[in-house]
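Results of the structural survey
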Amino acid sequence: MQAFNLVDEIAAFGKPSPLFIITGGDPMKRDDLADIVAYADNSGIAVALSPSATKLVTYERLAQLHEEGLKAISLSLDGSSAEIHDAFRGFPGVYARTLELWKIAHDIGLRVQINTTVSRHNVEDLASIARLLREQKAFLWSVFFLVPTGRGRLLEQITATECEDVMNFLYDVGNVIPVKTTEGHHFKRIVVQRDSFEEFEAGLLYRRLMRALGPDWPQTEKARRAPMDINAGRGFVFISHRGQVYPSGFLPLSAGNVRRESLRDLYRNSDLFQAMRDPSRLTGRCGRCRFQPVCGGSRSRAYAATGDPFASDPLCAYQP
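Parameters at a glance
Residues numbered from 1 in each chain as written. Predicted model: local features only at pLDDT ≥ 70, side-chain atom pairs only at ≥ 80, totals over all residues. Heavy atoms only, no water. Helix = DSSP H or I, 4+ residues; strand = E, 2+ residues; numbered from the N terminus. Rg over C-alpha atoms; globule rule 2.2 N^0.38 Å. Contact = heavy atoms within 4.5 Å. Areas by Shrake-Rupley, 256 points an atom, 1.4 Å probe, with all protein chains shown as cover. Lys, Arg positive; Asp, Glu negative; His and termini not counted. Charge placed at Lys NZ, Arg CZ, Asp CG, Glu CD. Salt bridge = Lys/Arg side-chain N within 4 Å of Asp/Glu carboxyl O. Buried < 20%, exposed > 50% of the residue type's maximum accessible area, 1.4 Å probe, protein only. Pairing = 2+ DSSP bridges. Axes fitted to C-alpha atoms, helices over the stretch in contact; angles between N-to-C directions. Parallel < 35°, antiparallel > 145°, perpendicular 65-115°, else oblique. Nonpolar A, V, L, I, M, F, W, Y, C, P; charged D, E, K, R; others polar. Phe/Tyr/Trp six-rings, centres within 6.5 Å; stacked < 30°, edge-to-face > 60°. Lys NZ or Arg CZ within 6 Å of the ring centre and 35° of its normal.

Quick look at the overall build of the protein chain
Per the secondary structure count, the protein chain includes 13 helices and nine strands. Taking 320 residues into account, the globule formula puts the C-alpha radius of gyration at 20 Å, and the protein chain, at 20 Å, falls close to it. Oriented by its inertia axes, the alpha-carbon framework of the protein chain measures out at about 55 × 45 × 35 Å. Across the protein chain, the fraction of contacts at a sequence separation of at least 24, relative to all contacts at a separation of at least 6, is 70%. Total accessible area on the protein chain is roughly 15,400 Å²; 52% of this is exposed by carbon and sulfur atoms. Averaging the coordinates of the 39 positive side-chain charges in the protein chain and doing the same for the 37 negative ones gives two points 2 Å apart.

Description of the environment of I177
Among the structural elements, I177 can be located in the loop between α7 (160–173) and β6 (179–182). As for I177 and L133, which are separated by 44 residues in sequence, their C-alpha atoms are 7.7 Å apart. Leaving out residues up to four positions away in the same chain, I177 has contacts with A130, L133, R134, W141 and W217.

Structural notes on unusual backbone geometry
Of the consecutive residues K15 and P16, the connecting peptide bond is found in the cis state with omega at -10°. The topology assignment puts P16 in the loop between α1 (2–11) and β1 (20–22). A cis amide bond, omega 10°, links G24 with the succeeding residue G25.

So, the pattern of salt bridges
Tallying each qualifying case throughout the model produces 15 salt bridges. Taking the shortest distance from any N to any O, the salt bridge between R208 and E124 comes out at 2.7 Å. Placement of the pair is R208 in helix α9 (residues 204–213) and E124 in the loop between β4 (111–118) and α6 (126–135), with a sequence separation of 84 residues. On the basis of relative accessibility, which here comes to 34%, the residue R208 falls in the partly exposed class. In this structure, D216 engages R131 in a salt bridge whose closest nitrogen and oxygen atoms are separated by 3.1 Å. Placement of the pair is D216 in the loop between α9 and β7 (238–239) and R131 in helix α6, with a sequence separation of 85 residues. It is possible to trace a salt-bridge network through shared partners that takes in R120, E156 and E162.

Describing α6
Every buried residue of α6 is listed here: L126, A127, I129, A130, L132 and L133. Where α6 is buried, its residues contact α5 (94–108), β4, β5 (140–145), α7 and α9.

Considerations on the sheet that holds strand β8 (residues 244–246)
Strand order in the open sheet formed by three strands is β7-β8-β9, with antiparallel pairing between adjacent strands. Bordering the open sheet on either side are β7 and β9 (256–257), each of which pairs with just one other strand.

Here we look at the packing of helix α4 (residues 82–89) against α5
Where α4 contacts α5, the two axes come as close as 8 Å, and the packing angle between them is 105°. Relative to α5, the element α4 is oriented roughly perpendicular. Every residue of α5 that contacts α4 at A82, H85, D86 and R89 is listed here: V94, Y95 and T98. Of the residues belonging to the contact of α4 with α5, the class tally is three nonpolar, two polar and two charged.

Description of the sheet that holds β5
One open sheet accounts for six strands, arranged β1-β2-β3-β4-β5-β6; its pairing is parallel. Looking along the sheet, the strands with just one partner apiece sit at the ends: β1 and β6. The average undirected angle you get between the axes of adjacent strands in this sheet is 25°. In this structure, β1 lies alongside strand β2 (residues 47–49), joined through three bridges in parallel fashion. Paired with F20 across the two strands is V47, which belongs to β2. Contacting β2 and β3 (70–76), helix α3 (residues 59–68) crosses the sheet at an angle of about 140° to β3. Sheet contacts for α5: β3 and β4; angle to β3, the most-contacted strand, approximately 165°.

Side note on the packing of aromatic side chains
For the structure on display, the rule yields seven aromatic pairs. Seen in terms of ring centroids, F291 and Y318 are 5.4 Å apart; in terms of plane orientation they differ by 80°. Their pairing is edge-to-face. One end of the pair, F291, is in the loop between α12 (284–287) and α13 (299–306); the other, Y318, is in the segment after α13, and 27 residues separate them in sequence. According to the relative accessible area criterion, F291 is buried, its value standing at 5%. Take Y318: its relative accessible area is 17%, and that puts it in the buried class. Connected via pairs of aromatic rings, a cluster forms that spans F13, Y267 and F273. Residue placement shows R111 over the ring face of F139; its charged tip is 4.9 Å from the ring centre. Seen from the ring of Y267, R277 lies directly overhead, with NZ or CZ sitting 4.7 Å from the centre.

What follows is the structure, encoded as structure tokens:
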């Protein structure tokens, strides 16, 4: 079975084992999903699931997957209200369904990660989303900074200056809610700068978001989640439903196919993945930035904007 063979390839990376995230499309459409989760768990691999908020996700199926070894689930929440979230998703009722699944997952004992895509439509709503996550005890908030590919081309992006404000806001929110960013690698720069007490220029958007948190928002509640040094092809690999191996799900450059080649060999030795891990390939501001070792910029966004995966990240406002 191809799915089991892939699990064997993942396990062969050794310890600590990679986190295996099953996504889609909608992975709940697979009749063998519980078998895959059980096989991965028996192989010593932690498994997370990122389903669509459809009727296929039921209490019974999630409970079964949890029994087979599923550790966490991620759900998309792109607004603090049905008006904002459903408009973004394009389907009425998705917001209510997402909150329902959030409660179900909590009741079962699964850790719940909430994914939020930041664009013009919801950037002013981020404080309200943060308050909702704190109230509902989300395990982790993964904030995704838009890469203009596919449907994302139709969405209006925030500016690089606004991105700085959002990331500084997330730094402060991270004192209370564990936060990570996706395709927002320069958040690691923000954390280094703020942890080192470097001064930052608080923009108007940052001030509005901090005010919107309200006077009852605590200054600190738990230890900050340190950003992980992961980038496209560096600690991360994406495998499509056809077996194509990419450095990122948003970087459409394939190194090969797991149906014909070893995943370990593609990740460790392919020209593409080795280039992704070579900082000397970076050009422009990313190439001369002192934070390059901990950041590296979004290679996916650079490619979407310029056709060059080693160009500067256009959403970063930092001037080396």
